Amino acid sequence: MIGTRMVFDATAHSIQIQDVTGAAIEDVFWDLDAGDSFNVAGATTEANNGTYEVLSRVDNGSKIMVKTTDGAKAVSTTETDTDGVTITSGDFQLSTSHKLVFNATNDTITVTGMDNSLTLEAFDRLYVNGKFTVSGTESNDGTYTVSAIAGDGSSITVTEGVTNETFTPTATAAKLTGVGTTLTLNAADVLAMTDAGN
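All figures in this text were calculated on a predicted structure; none of them were measured in a lab.

Caption draft 1: Molecular detail of the pattern of salt bridges. Applying the stated criterion to the full structure yields two salt bridges. One salt bridge connects D33 with R57, and the closest N-O pair in it is separated by 3.0 Å. Of the two residues, D33 sits in the loop between β2 (14-19) and β3 (37-41) while R57 sits in strand β4 (residues 50-58), which places them 24 residues apart along the sequence. Classification of R57 by relative accessible area gives partly exposed; the value is 37%. One salt bridge in this structure joins K63 and D59, with 3.2 Å as the shortest N-O distance. What makes D59 partly exposed here is its relative accessible area of 42%.

Caption draft 2: Broad picture of unusual backbone geometry. With a phi angle near 60 degrees, D27 is a residue other than glycine that sits in the positive phi range. Relative to the elements of secondary structure, D27 occurs in the loop between β2 and β3. Phi at D107 is positive, roughly 55 degrees, even though this residue is not glycine. In this fold, D107 is placed in the loop between β9 (98-103) and β10 (108-113). Its relative accessible area of 22% is what places D107 among the partly exposed residues.

Definitions and cut-offs
Residues numbered from 1 in each chain as written. Predicted model: local features only at pLDDT ≥ 70, side-chain atom pairs only at ≥ 80, totals over all residues. Heavy atoms only, no water. Salt bridge = Lys/Arg side-chain N within 4 Å of Asp/Glu carboxyl O. Helix = DSSP H or I, 4+ residues; strand = E, 2+ residues; numbered from the N terminus. Buried < 20%, exposed > 50% of the residue type's maximum accessible area, 1.4 Å probe, protein only.

Structure follows, in structure tokens:
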């Protein structure tokens, strides 16, 4: 998701991810379970940075209830951060403040920080010949096929053409969603699977 903000709540001891309009982003913490530890860096209030433990996922997975790894309640200051806050835990990474850059010359899509620095491993969950959809942009919503992934994972080349555009989240968010595997069966395949002798 491009166009997010991280909301720290010192009263509830929670961290929630919202889009730039304030809507909660469901299932964003899908890979964190109760008991998992994670690290926060880049929060405006330094005391909100550090290592936390997940107590539970709530609000359709948009929010996690947390404590510090020493057992104390965790969030020290209520604040909303939009610029460069990251949560990391093993392979799980979530961060705020990104742009999505579409380059028609090379048919590439790149994720950068607001300062135009590359966002490494942004596409690490995609693979060559995999499909994904883009929604929320002005000119590049659609389904794309990955033809190459940059070595640092910050950009991908797609088979379909793209239109030059830099999506900077201000009033809306853009979303990239993987498309599941499509299984194609012919009549002989179906017959073989339903034949009582097989």
